[in-house]
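Secondary and tertiary structure notes
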Amino acid sequence: MADFRFESNAELSCKFNTERDQNPRIEWKKKGHDVSFVYYNGHFRGPFEGRASIQGATVTLRRVTQKDAGEYRCEISAQLDTVTLGEANITLRVLVPPHTPLCEIPSSAVTGSAVQLRCRDRQSIPPAVYTWNSRRCPRMTRVSTNAGRPTASVRLRCAKETI
């Protein structure tokens, strides 16, 4: 797996050595519902045209977005060589920074009762991790949590004061 930040350049590496053929056939494909060509017959295709470059068999995608995330396959063949050059698979994951979460926080709570706080950010990759603090209740007890998921919640109990 190769991780690249949102809108950075992503380099998908594919290395090979030929015996005699100086111009091997290089193909890059992106797997999905259908297999689509990224680089074929010496040219980039579709959404990669004009925003990708190739050096040897290594492809650089400029300003990657979530649409670029997925599994890519490099295939190399050389007709003049006796050995099969092969293929490589690379999974591209585009890391998206946390966005402003949508949070549900009760306006008040009874001292000693559990309070559920819930936040979600469906755009960040990996999922955002949330931390809850209270200025009024420095001694909070965590009752339960499911942090690290697209919707994170925590149940807290304040021993002395109102949250």
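Everything numeric here is computed off the predicted structure, so don't read it as measured data.

**A word on the sheet that holds strand β9 (residues 86-95)**
Taken together, six strands build an open sheet; the order of strands is β1-β9-β8-β3-β4-β5 and the sheet is mixed. Strands with a single pairing partner mark the edges of an open sheet, and in this sheet they are β1 (2-5) and β5 (43-44). Examined bridge by bridge, strand β3 (residues 25-31) and strand β4 (residues 36-40) share three bridges and lie antiparallel to one another. Bridging from a neighbouring strand, Lys30 pairs with Ser36 of β4.

**Considerations on the sheet that holds strand β2 (residues 10-12)**
Strand pairs in the sheet, formed through backbone hydrogen bonds, run parallel or antiparallel to each other. Judged by pairing direction, the sheet is antiparallel, and its three strands sit side by side in the order β2-β7-β6 without closing on themselves. Of all strands in the sheet, those with a lone pairing partner are β2 and β6 (52-55), marking the two edges. Taking each pair of neighbouring strands and ignoring which way they run, the sheet shows an average axis angle of 20 degrees. Both β2 and strand β7 (residues 58-61) contribute to a ladder of three bridges, which runs antiparallel. Its bridge partner being in β7, Glu11 is matched across the sheet by Thr60.

Scoring rules and cut-offs
Residues numbered from 1 in each chain as written. Predicted model: local features only at pLDDT ≥ 70, side-chain atom pairs only at ≥ 80, totals over all residues. Heavy atoms only, no water. Pairing = 2+ DSSP bridges. Helix = DSSP H or I, 4+ residues; strand = E, 2+ residues; numbered from the N terminus. Axes fitted to C-alpha atoms, helices over the stretch in contact; angles between N-to-C directions.

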